[in-house]
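# Structural overview for review
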Amino acid sequence: MASATRHDVPEPPDFGILKRLARDQLIYLLEQLPGRKDLFIEADLMSPLDRIANVSILKQHEVDKLYKVESRPALSTSDQLCFLVRPRVKTMKYIADIVNADKMSGRSRKYKIIFSPQKFYACEMVLEEEGVFGDVTCDEWSFYLLPLDEDIISMELPEFFRDYFLEGDHRWINSVARALQLLNSLYGPFSRAYGIGRCAKMCYELWRDLEEESESDSQGRNPEIGNIFLIDRDTDYVTALCSQMVYEGLVDDTFRIKCGSVDFGPEVTSSDKSVKVLLNAQDKVFSQIRNEHFSSVFGFLSQKSRNLQAQYDRRRGMDIKQMKNFVSQELKGLKQEHRLLSLHIGACESIMKKKTKQDFQEMIKAEHSLLEGFDIRESTSFIEEHIDRQVSPIESLRLMCLLSITENGLNPKDYRSLKTQYLQSYGPEHLLTFHNLKRIGLLTEQAAGETLTAVESRVSKLVTDRAAGKITDAFNSLARKSNFRAISKKLGLIPRLDGEYDLKVPRDMAYVFSGAYTPLSCKLIEQVLERRGWQGLEEVLRLLGGPEFSEAGGGAEAGPGRAGGRTVLAVFLGGCTCSEMAALRFLGRDRGCRFIFLTTAVTSSGRLMEAMAEPRS
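About the thresholds
Residues numbered from 1 in each chain as written. Predicted model: local features only at pLDDT ≥ 70, side-chain atom pairs only at ≥ 80, totals over all residues. Heavy atoms only, no water. Helix = DSSP H or I, 4+ residues; strand = E, 2+ residues; numbered from the N terminus. Buried < 20%, exposed > 50% of the residue type's maximum accessible area, 1.4 Å probe, protein only. Contact = heavy atoms within 4.5 Å. Areas by Shrake-Rupley, 256 points an atom, 1.4 Å probe, with all protein chains shown as cover. Pairing = 2+ DSSP bridges. Axes fitted to C-alpha atoms, helices over the stretch in contact; angles between N-to-C directions. Phe/Tyr/Trp six-rings, centres within 6.5 Å; stacked < 30°, edge-to-face > 60°. Lys NZ or Arg CZ within 6 Å of the ring centre and 35° of its normal. Salt bridge = Lys/Arg side-chain N within 4 Å of Asp/Glu carboxyl O. pLDDT = per-residue confidence, 0-100. Polar contact = N/O pair within 3.5 Å; in protein donor to acceptor, adjacent residues only side chain to side chain.

## Looking at the overall build of the chain
Scanning the chain for helices and strands turns up 26 helices and 14 strands. Here the chain holds 617 residues, and 56% of them are scored as buried. Considering only contacts within the chain whose residues lie at least 6 apart along the sequence, 78% involve residues at least 24 apart. For the chain, the computed accessible surface area is about 28000 Å², with 50% contributed by carbon and sulfur atoms.

In structure tokens form, the structure reads like this:
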């Protein structure tokens, strides 16, 4: 099984301190508004807040009622209103409407806005334009990092992907740099930093600037995290677009894991109620199957079921004293495990039903053909049929993007044909989505890309290497070519199989995609850590096109024997998938090191496609 662990893998650091710091700062900010108050919370802060400070903690600090920030007018009767919000213009207008309505009615109240994770100048400008800046007090809740599990930390900023990679908005760079500064101060100093991508480089450079300004003394400390690797999502779109095959990835695709927990509906619970389940290492059943290929999961769950039954059956031959010990010490744990087991079996059945409806095997076959570069015409026909049958707008779009990226863009005839069929099947409102996908380089036509590369190569011959690099960056920002085939060949991303690939006892990271493809992002991390830099990967870097770096951090080089030297912080800017986490966990177990994941948000192909759609007004 993929879960077999080497004994010398270092234990993860204790990230509980991040939660305690966030909770203490929030309590301090709430106490700055003494007395009873109503708290308005933005919708996408509700789940993260629940993981940090539940309702009872808020009540202890004189929060009377909780409201959700929404389009309807507020009905609060309190004399003090506190708003816990993301720094968004739309939300500022919502708050300004409340304040101005109170002014019109002659009502006097106190208003406090707490921005998370930081406030932006644009927000203050809107408050000023609306004439309420002098009526409110503003504060920042530096809630950059939410530990979702023992090895996953999320910034819970799903909008980061669209803001940076589509809109070119750099406003979250500072938040990432400050998050790195916090982790470095608590668990560093990091001895070495590697990275690839423009966003990664900006975040790294700003973080180093912050470190120099703060002059924090971390020398001589034994680091718990040694190396750090930053990677932009646009370095590897292919992995994010592939159908996930590990259990955690399929649960995310099917039920949508939100902030580390999932709502299992009646189809899973076999009752008329939904159940919210926290998916982390504390769940004994989930922790053993999360990284497994789905084909191995049913076998494991049935064996687990038999083992549990055997433990229950032990009661039969017990005397009174043994029975008393069994009831007081084991029964509760067995019942909890039994409940979780039945939920995960229900989830597996639900996933199977859904995938059977969608011709999942046919889709996987088409994906593997695209990755390997075989039967492209056949795969294109499958995508056309998928669109015509109106199976799923998101899935159809994902398959088109995967075809485009693996083929370095679609030829104009195929592009127009697929686009026309899609708009006819799913509606003309998706026209702007195609525009966005083209801008970001996910769904492009070949001709424009080819011309661009030709111009770029000619210009490169006329100028120095340094200037050529800058010009290449400029061209990349206009229309990025994926060069997937060439990169795949250079890094050996498509494993050569001798016979059947054993998914129960995987030999490499490719098991997360049924042995057909090794995630590019994970392969890059593996190669760079192995080589302790980018030496020997020059050709791959040329094809990837993003700037790379390999720098000594603030700390002394941690020896391989120390836990810190074998703990790597993998930072995904724009989102990380469950498949990538499973692949790197496998690599960590294989090499005796521990990967910690810091991501702007946990993502998936569905979330990427949704981020490209234009919100309806």
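Additional details are given in the paragraphs that follow.
## Considerations on the sheet that holds strand β13 (residues 567-573)
Taken in spatial order, the seven strands make up an open sheet running β6-β7-β14-β13-β9-β8-β12, and their pairing is mixed. Every interior strand has two partners, whereas the edge strands, β6 (146-149) and β12 (548-552), have only one. Strand-to-strand twist across the sheet, computed as the mean angle between neighbouring axes with direction ignored, equals 20 degrees. Across six bridges, the pairing between β13 and strand β14 (residues 594-599) is parallel. Counterpart to Val571 in the pairing with β14 is Leu598. Its contacts with the sheet put helix α7 (residues 173-187) on β7 (152-154), β9 (227-232), β13 and β14, and the angle it makes with β13 is roughly 170 degrees.

## Brief notes about the sheet that holds strand β3 (residues 80-85)
Across the sheet, five strands lie side by side as β2-β1-β3-β4-β5; this open sheet has parallel pairing. For this open sheet the edge positions go to β2 (63-69) and β5 (136-140), each flanked by a neighbour on one side alone. Within the sheet, the average angular offset between the axes of one strand and its neighbour, ignoring direction, is 20 degrees. By the bridge criterion, four bridges tie strand β1 (residues 37-42) to β3 in an arrangement that is parallel. Its bridge partner lying in β3, Phe40 is registered against Phe83.

## Thoughts on the packing of aromatic side chains
Within the structure shown, the criterion is met by 22 aromatic pairs. Ring geometry for Tyr204 and Trp207: centres 5.7 Å apart, planes at 70 degrees, overall edge-to-face. With Tyr204 and Trp207 both in helix α8 (residues 198-214), this residue pair falls three residues apart, about one helical turn. On the basis of an interplanar angle of 50 degrees and a centroid distance of 6.0 Å, the ring pair of Phe229 and Trp534 is categorised as tilted. Note that Phe229 is positioned in strand β9 and Trp534 in the loop between α23 (520-531) and α24 (538-544), a separation of 305 residues in sequence. Take Phe229 and Trp534: they sit in the same class, and that class is buried. Here the aromatic residues Phe160, Phe161, Tyr164, Phe165 and Tyr237 are joined through ring pairs into a cluster of three or more. Sitting over the ring of Trp207, Arg208 keeps its end group 4.9 Å from the ring centre.

## Thoughts on the pattern of salt bridges
Taken as a whole and judged by the stated rule, the model has 33 salt bridges. Where Asp414 meets Arg377, a salt bridge forms, and the shortest distance between an N and an O atom there is 3.0 Å. Separated by 37 residues along the polypeptide, Asp414 in helix α18 (residues 412-426) and Arg377 in helix α16 (residues 376-388) bring together distant segments of the chain. The class for Arg377 is partly exposed, based on a relative accessible area of 49%. One network of salt bridges, in which partners are shared, links Asp149, Asp151, Glu248, Arg290 and Arg585.

## A word on the environment of Ile95
Structurally, Ile95 can be placed in helix α4 (residues 89-104). By relative accessible area, which is 0% here, Ile95 ends up buried. Each C-alpha atom of the pair Ile95 and Ile113 lies 8.8 Å from the other, and the pair is 18 residues apart in sequence. Among all residues touching Ile95, those that are not within four sequence positions of it are Phe83, Val85 and Ile113.

## Digging into the confidence of the model for the chain
This prediction gives the chain a mean pLDDT of 87; 87% of its residues lie at or above 70. Confidence drops under pLDDT 50 across residues 451-466; counting only partners more than four residues distant or on other chains, this segment forms 10 contacts. Contacts for the low-pLDDT stretch residues 468-479, under 50 throughout, to residues beyond four places or in other chains number 16 contacts.

## Examining the side chain of Arg162
With respect to the element layout, Arg162 can be found in helix α6 (residues 159-166). The class of Arg162 is buried, set by a relative accessible area of 15%. One polar contact links the side chain of Arg162 to the main-chain carbonyl oxygen of Ala613, over a distance of 3.2 Å. Each residue touching Arg162, except ones within four places of it in the same chain, is listed here: Glu167, Asn436, Ala611, Met612, Ala613 and Glu614.

## Description of unusual backbone geometry
Across the junction of Ser116 and Pro117, the peptide omega takes the value 0 degrees, indicating a cis bond. Each neighbour pair has its own omega, and for Gly188 with Pro189 the value is 5 degrees, a cis peptide bond. Examined against the element boundaries, Pro189 turns out to sit in the loop between α7 and β8 (192-196). Phi at Glu156 takes a positive value of approximately 50 degrees, unusual for a residue other than glycine. Tracing the chain through its elements places Glu156 in the loop between β7 and α6. Judged by its relative accessible area of 17%, Glu156 falls in the buried class. In this structure, Arg532 is a non-glycine residue whose phi angle is positive, near 55 degrees. Of note, Arg532 is situated in the loop between α23 and α24. You can call Arg532 exposed: its relative accessible area is 52%.

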